[in-house]
Amino acid sequence: MTKKVQTPETDILIESKGKVESFFDKFGNKVMWGLVAITVIAVGIFVWNNIAQQKSQAKEQEAQIKFFEVLNNSGVTNATAESFSVDYATTAEAYLAVAKQYEDTAAGNTSYFMAASAFLHANDLANAEAAIAKFENIEGNYGKHINAMALTLKGDIAVEKKDYQTAAARFEEALAASNNADIYGANAAKLGLVYEAMGDDAKAQKTYKAAAAKYPTLAGKFAKYIKE
């Protein structure tokens, strides 16, 4: 079933531990897919640029073609950060097939990340966790953003499993992995939420304030969440 989702403009604070599950059920994973939607072309550029570095250029090119076939069929190429439609379950299986067939290529490796993200949105935690475990960090400027989002995805999976300690650790790592303001902001919001769920308001506030200070463009987003 195709789902229409929107990147949320909603309060990220919670009042009790019990609310963290409902927040992530409604918004957490969708934020992640929104980031995927707006960065996927950069992934494509990365894949294309790495063709010349592969031992088998023909296989890499073939893998890239399959990658973009899935991308085009999923509808992500027509997406914006605010509105898009994706059949997550079908898309996840399609990316996984590409990843397994071409896992020794850049496009195959990236397909593991895309499959994991789609599986998470389809509420298939087991396959999401298995796919992201196969993903290998990518070198270069394009790669570091995808690497950060892979950590975010691992954090989202941990939240769904109610393993908040692991989730916090993954979100913290994601904050340090990318200098992209949007990715940083999404991870700071999720990390703050998890800290509050764990009853650590001080760390949550420190996270929100650090995000606002590091990226002035995020100040407006986090201002209403910061307690004076």
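Residues numbered from 1 in each chain as written. Predicted model: local features only at pLDDT ≥ 70, side-chain atom pairs only at ≥ 80, totals over all residues. Heavy atoms only, no water.

Q: Could you give me a rundown of the packing of aromatic side chains, with the residues and numbers involved?
A: The final tally for this structure, using the stated rule, is seven aromatic pairs. Here the aromatic rings of phenylalanine 113 and phenylalanine 135 are separated by 5.9 Å at their centres, their planes lie at 50 degrees, and the arrangement is tilted. Of this pair, phenylalanine 113 sits in helix H4 (residues 106-121) while phenylalanine 135 sits in the loop between helix H5 (125-134) and helix H6 (140-160), placing them 22 residues apart in sequence. The pair formed by phenylalanine 113 and phenylalanine 135 is uniform in burial state, with each residue classed as buried. In this structure an aromatic cluster arises from ring pairing among Phe67, Phe68 and Tyr95. (Phe/Tyr/Trp six-rings, centres within 6.5 Å; stacked < 30°, edge-to-face > 60°. Helix = DSSP H or I, 4+ residues; strand = E, 2+ residues; numbered from the N terminus. Buried < 20%, exposed > 50% of the residue type's maximum accessible area, 1.4 Å probe, protein only.)

Q: Let's hear about the pattern of salt bridges: which residues, and what values?
A: One side chain can pair with another of opposite charge once the charged atoms of both are near each other. Tallying each qualifying case throughout the model produces five salt bridges. Residue aspartate 156 pairs with lysine 190 through a salt bridge whose shortest N-O separation is 2.7 Å. Here aspartate 156 is found in helix H6, whereas its partner lysine 190 is found in helix H8 (residues 181-197), with 34 residues between them in sequence. Neither aspartate 156 nor lysine 190 differs from the other in exposure class; each is buried. With a shortest N-O distance of 3.0 Å, arginine 170 and glutamate 173 are connected by a salt bridge. Residue arginine 170 and its partner glutamate 173 are located together in helix H7 (residues 164-177), separated by three residues, close to a single helical turn. (Salt bridge = Lys/Arg side-chain N within 4 Å of Asp/Glu carboxyl O.)

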